[in-house]
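Coordinates in review
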Amino acid sequence: MLRPWEVQFWLEDSPGKTLHSKLLNKLTTDIKDGRLNPGSMLPGTRSLASQLKVNRKTIQQVYEELESQGWLETKPRSGTFVSRVLPEQGLTAKNASLTNQKYKTKSSSELIETLYQGALDSYGDMAVSNDGTPDTRLIPYQLLAKAYRRVCLNLGRHSNLGYGDPRGTIELRNSVKKMLSEDRFMNCSTEQVCIVRGSQMGIYLASRVLDPSKGAIVMEELCYSPARAAFESNGFKILKCKLDEKGLNVDHLQELLLSNKVAGVYITPHHQYPTTVCLTMDRRLTLLELSKRHKFAVIEDDYDHEFHYEANPIPPLISLPNSENVIHIGSMSKVFAPGLRLGYIAADKVFIERAAQEIVLIDRQGNIVTEHVISDLMESGEVRRHIRKTRKQYEARRNFAAKEFIRIFGNKVSFTLPTGGMAIWLDISKLVKGQEFKTLHSEDSTSNTFYTDELVAPSHIRFGFGAINEKEITHSIVKLSKMLKGE
């Protein structure tokens, strides 16, 4: 492969007494600073030895050492590359300023956001910073490329790339409707389906269509912060409802309904975010009965529905009795490829029509080509086949991560093995109890149970295993162990 430029290195100002140490430090610094990006190709050992006028063995030794540390990776017959998944790089300047601070003056929500951002920073570029995202290395790129070519040729023959329905192409809406009917027990028409650019857009549209004058939005006390931000941006007051090992506490919800006007309840019932708890069937039925009685909407964020490992998932809220007020939001991003940015809303026709009006104001319509591609892959069975294949891989990673936590931490941490999804909710209270607060990932958790308003050290971590393979899982857990122990 031809490279547009030959990478040059200047070792004069690099720390170290020998050429070996100077080059080692220089390469590490250039990777950390972003001069050498993950995945970029390094000069061959002969080429670099000639450039620096050193013995080729010195270059080979440096490359081998950096590869053993995780900075580089060698691909047979291709060359040496900067690793796409880099080792932990230590605390950033931002994190260093956070370390050892006492958060007694911050509100609970501010503390949560600070903890979450600090965690992402502290993990550096390691894939462990995800909290349950899919592995883009598993995307069937060749299959996608063939589908795009096939669709583009077909659309070209019919000159069918003009403006279309803001609700999405009829082809993809029909495919989604079929999936919801056959796989999710849902009885809806194509007119009740709207295609969106990912579930976050679906949540935002719900916040636009619902009326803040009708009341507040109730959310699980530990919740998906981008969803909360979407509702707040459109003028909604947020009420927090308690959460336990069975999901949303419906008894507490009834107390909130007695003293507040409520326009809607946002919930992640299948794999609660961030705790991974599944809302029990009796609570689902109670929630829907309350929704019908008090006339509030239920915004059901059904992320990760496809990834269940132990048994068939509980049917979505929208497929159960008294679900007239449910707004069901799903995503194709995690199922197939996050970069495709495709999701859907299923709700009554009036809501879908209002959502379409909002879409016209935002960007007129979605990507017709991509919508046809996904419909093509759904109809051919390729999406289902891909889900079945990746589900096995994610289940294996879940099981491996669980074993590694037990092996590395022993009884110092605890967790309930999630029945689905791509993350483990890890209780680290034994490790942080009595310790001075340091920047740790807690994603809204500040107690030994699931929720509290006390400003205490975080005690839970949401560990995403989906985007990393077994080697990376072990590396991430070892790094996490050292961080928690202050090493």
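For the structure itself, look to the data block above.
Here is a short report on the structure shown in this document.

Thresholds applied
Residues numbered from 1 in each chain as written. Predicted model: local features only at pLDDT ≥ 70, side-chain atom pairs only at ≥ 80, totals over all residues. Heavy atoms only, no water. Helix = DSSP H or I, 4+ residues; strand = E, 2+ residues; numbered from the N terminus. Buried < 20%, exposed > 50% of the residue type's maximum accessible area, 1.4 Å probe, protein only. Contact = heavy atoms within 4.5 Å. Areas by Shrake-Rupley, 256 points an atom, 1.4 Å probe, with all protein chains shown as cover. Axes fitted to C-alpha atoms, helices over the stretch in contact; angles between N-to-C directions. Left-handed = near helix turned anticlockwise from the far one by under 90°. Nonpolar A, V, L, I, M, F, W, Y, C, P; charged D, E, K, R; others polar. Polar contact = N/O pair within 3.5 Å; in protein donor to acceptor, adjacent residues only side chain to side chain. Pairing = 2+ DSSP bridges. Phe/Tyr/Trp six-rings, centres within 6.5 Å; stacked < 30°, edge-to-face > 60°. Lys NZ or Arg CZ within 6 Å of the ring centre and 35° of its normal.

Side note on the overall build of the protein chain
Of the regular secondary structure elements, the protein chain holds 16 helices and 14 strands. Per-residue burial for the protein chain yields a buried fraction of 53% across its 487 residues. Considering only contacts in the protein chain between residues 6 or more positions apart, those separated by 24 or more positions represent 71%. For the protein chain, the computed accessible surface area is about 22900 Å², with 51% contributed by carbon and sulfur atoms.

Concerning the packing of helix α14 (residues 382-409) against helix α16 (residues 470-484)
Two numbers describe how α14 lies on α16: the axes approach to 10 Å, and their chain directions differ by 35 degrees. Crossing of α14 against α16: the hand is right-handed. Across from R397, F400, A401, E404, F405, R407, I408 and F409 in α14, the residues of α16 making contact are E470, I473, T474, I477, V478, L480, S481 and L484. Grouping the constituent residues of the contact of α14 with α16 by class yields 10 nonpolar, 2 polar and 4 charged.

What about the environment of S83?
With respect to the helices and strands, S83 occurs in the loop between β2 (79-82) and α4 (93-98). C-alpha separation for the pair S83 and L72, spaced 11 residues apart in sequence, amounts to 4.7 Å. Once residues lying within four places of it in the same chain are set aside, the contact partners of S83 are P38, G39, G70, W71, L72 and E73. There is a polar contact of 2.9 Å between the side chain of S83 and the backbone oxygen of G70.

Focus on the sheet that holds strand β10 (residues 326-331)
Sheet strands pair by backbone hydrogen bonding; their relative direction is either parallel or antiparallel. Spatial strand order, β3-β11-β10-β9-β8-β4-β5: 7 strands in an open sheet with mixed pairing. The open sheet terminates on both sides in strands that have one partner only, identified here as β3 (193-196) and β5 (238-241). Adjacent strand axes in the sheet meet at a mean angle of 20 degrees when their direction is disregarded. As judged from the 4 bridges shared by strand β8 (residues 262-267) and strand β9 (residues 297-301), these two strands associate in the parallel manner. From the neighbouring strand, Y266 faces β9, where its bridge partner is I299. Its contacts with the sheet place helix α10 (residues 250-259) against β4 (216-220), β5 and β8, and it is angled at close to 150 degrees to β5.

Describing the packing of aromatic side chains
Taken as a whole and judged by the stated rule, the model has 8 aromatic pairs. Between Y273 and Y303, the ring centres sit 6.2 Å apart and the planes meet at 70 degrees, which makes this aromatic pair edge-to-face. Pair noted here: Y273 is in the loop between β8 and α11 (281-294) and Y303 is in the loop between β9 and β10, with a separation of 30 residues, a long-range link. For the pair Y273 and Y303, a shared accessibility class is recorded, and that class is buried. Each member of the aromatic cluster is reached from another via a ring pair, and the members are F405, F409, F415 and F463. For K75, the ring lying beneath its charged end belongs to F81, and the centroid distance is 4.6 Å.

Quick notes on the sheet that holds strand β14 (residues 460-464)
Across the sheet, which stays open at both edges, the 3 strands sit in the order β12-β13-β14 with antiparallel pairing between neighbours. Strands with a single pairing partner mark the edges of an open sheet, and in this sheet they are β12 (414-415) and β14. The pairing of strand β13 (residues 423-427) with β14 spans 5 bridges and is classified as antiparallel. Paired with D427 across the two strands is H460, which belongs to β14. Lying over the sheet, α14 contacts β12, β13 and β14, oriented at roughly 20 degrees with respect to β13. Sitting on the sheet, α16 touches β13 and β14, and the angle it makes with β14 is about 160 degrees.

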